[in-house]
Amino acid sequence: SPQAYVRAVGSAVQRIRQGELVKVVLARRGAVDFARAPAAAALLARLGERHPGCVRYAWRRGGKTWLGATPETLVQVQGRQLATQALAGTRPTDRACELLASLKDRHEHAVVVQAIRRAIEPFTCELPPPSEPVLRHLRGLAHLQTPIAARLREDTDFLRLVLALHPTPAVCGLPADRAAALLGALEPEPRGLYAGPFVRLSPSGEGHAVVSLRGAVLQGRVAVLPAGAGIVAGSEGDAELAETRVKQGSVLDAFRGPD
């Protein structure tokens, strides 16, 4: 419930201020019961129309379909060139200008940048210094984003990169083991496929892995929409709850049919 989520944020902030961890990403779920079962293919098409800068994904097993349009690449490899990104810090589009001026969001974002660079460094022979974050505008949302590029060692395996990067502090926290333990205590249900990597791998060893965010689980007439927010020392429960609602709304919008 919204009230339980706000309380969980408060508990997480207290643990962070006590020095147990730096960041944790708390997720919650909202369920919508429709008059008739949503069509997965039509929903996926509308997500593509509404979010052209995102990567669509879909996976069906039994009577459930997990699908969405994610803005976040975990890692992409072409030849020996690696590309990834830090994507953390969120505002509605009309408040995007607040992100670059927000110490809380800049701190949350910097934590992700540093962790990603540490994870890929052992696999690289050339890792340029980090750049300043920029604003990435999506439909209804804006994020802080820092592109990260590197040249890989010849012996690097793509799936080893996926394992090294997942879960990033943008979906779990830092340190990852303590954040995961706290998530297990504060989130009432397992996440399932939410925030996991979806991978496209070529026979040559090149690949593209995305983080499965901004999606919904369809089962009959019910759609379950998960969303999370990054919690750091300066987080406030009501603000983080509002962020999850904005993210859920960006998916729910695609259920409403043509513009």
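Throughout what follows, the structure given in this document is the object of discussion. (Residues numbered from 1 in each chain as written. Predicted model: local features only at pLDDT ≥ 70, side-chain atom pairs only at ≥ 80, totals over all residues. Heavy atoms only, no water.)

### Here we look at the nonpolar core
So the rule is basically this: What is meant by a nonpolar core is a set of buried Ala, Val, Leu, Ile, Met, Phe, Trp, Tyr and Cys residues, joined one to another through side-chain atoms within 4.5 Å. Per-residue accessibility, obtained with a 1.4 Å probe over protein chains only, is compared with the maximum for each type, and a residue is labelled buried under 20%, exposed over 50%, and partly exposed between these values. Numbering of helices and strands runs from the N terminus, with a helix taken as a DSSP run of H or I at least four residues long and a strand as a DSSP run of E at least two residues long. Contact between two residues is taken to exist if any of their heavy atoms lie within 4.5 Å; hydrogens are not considered.
Formed by 31 residues in total, the largest nonpolar core has its most connected members in V75, L82, L161 and L165. Within the residue set of this core, elements represented by two or more residues are β4 (73-78), β5 (81-92), α4 (103-120), β8 (141-152), α5 (158-165) and β11 (207-211). It is α4 that provides the largest number of residues to this core, a total of 5 residues. Residue contacts for L82: discarding those within four places in its chain leaves V75, Q76, I120, I148, A149, A150, L152 and L161.

### Some words on the pattern of salt bridges
The criterion, for reference: A pairing counts as a salt bridge when a side-chain nitrogen of Lys or Arg comes within 4 Å of a carboxyl oxygen of Asp or Glu.
This structure, assessed with the given rule, holds 17 salt bridges. In this structure, the salt-bridge partner of D253 is R139, at a minimum N-O distance of 3.2 Å. Taken as a pair, D253 in the segment after α7 (237-252) and R139 in the loop between β7 (134-138) and β8 lie far apart in primary sequence, 114 residues in all. For D253, a relative accessible area of 17% puts it in the buried group. Among the ionic pairs, E187 bridges to R191, the shortest N-O distance being 2.8 Å. For the pair E187 and R191, one class covers both residues: buried. The network of salt bridges with shared partners includes K23, K104, E108 and E240.

### Some thoughts on the sheet that holds strand β12 (residues 215-219)
We apply this condition: Here the rule is simple: two strands pair whenever DSSP picks up at least two bridges between them.
Spatial strand order, β2-β3-β12-β13-β1-β9: 6 strands in an open sheet with antiparallel pairing. Where the open sheet ends on each side, the last strands, each with one partner, are β2 (55-61) and β9 (173-174).

### Some thoughts on the environment of D33
The condition that has to hold: By the criterion applied in these results, polar contacts are pairs of N or O atoms within 3.5 Å in which, for protein atoms, one can donate a hydrogen and the other can accept it, and in which residues neighboring in sequence qualify only through two side-chain atoms.
Mapped onto the fold, D33 is located in strand β1 (residues 23-33). Classification of D33 by relative accessible area gives exposed; the value is 51%. Considering only alpha carbons, one finds D33 and Q219, 186 residues apart in sequence, at a separation of 10.0 Å. Apart from residues no more than four positions distant in its own chain, D33 is found in contact with R221 and V222. Among the polar contacts listed, one links the side chain of D33 to the side chain of R221, at a separation of 2.6 Å.

### Concerning unusual backbone geometry
Leaving glycine out, the prevailing phi sign among residues is negative, and the prevailing peptide bond configuration is trans. For the bond from H166 to P167, the omega torsion is -5°, close enough to zero to count as cis. The topology assignment puts P167 in the loop between α5 and β9. In this model, L174 is joined to P175 through a cis peptide bond whose omega is -10°. Within the secondary structure layout, P175 lies in the loop between β9 and α6 (176-186). Not every positive phi belongs to a glycine, and R214 is a case in point at roughly 50°. For R214, a relative accessible area of 10% translates into the label buried.

### Some thoughts on α7
Operational definition: To estimate how far a helix should extend, the number of its residues minus one is multiplied by 1.5 Å.
The end-to-end C-alpha separation of α7 is 22 Å, in line with the 22 Å expected for 16 residues at 1.5 Å each. Of the positions making up α7, those classed as buried are G237, E240, L241, E243, T244, K247, Q248, S250 and V251.

### Quick notes on a nonpolar patch on the surface
Defined as follows: Patch membership requires more than 30% relative accessible area and the absence of a salt bridge. Residues of like charge join within 9 Å; the nonpolar side chains Val, Leu, Ile, Met, Phe, Trp and Tyr join within 5 Å. Using a 1.4 Å probe, the Shrake-Rupley method yields the accessible areas, and only the shown protein chains count as cover for residues.
A cluster of nonpolar residues, L159, V199 and L201, forms a patch on the protein surface that exposes about 240 Å² of accessible area. Along the polypeptide, L201 turns up in strand β10 (residues 197-201).

### Regarding α5
This is how the line gets drawn: By construction, the arc corresponds to the directions joining the helix axis to the C-beta atoms.
Of all the residues in α5, the buried ones are F158, L161, V162 and L165. All buried residues of α5 lie within an arc of 100° about the axis, which places them on one face of the element. Those residues of α5 that are buried are in contact with β4, β5, α4, β8, β10 and β11. If you check the start of α5, you find a side-chain oxygen 3.1 Å away from the backbone N of L159, and it comes from D157.

That's the geometry; what it means functionally is another story.
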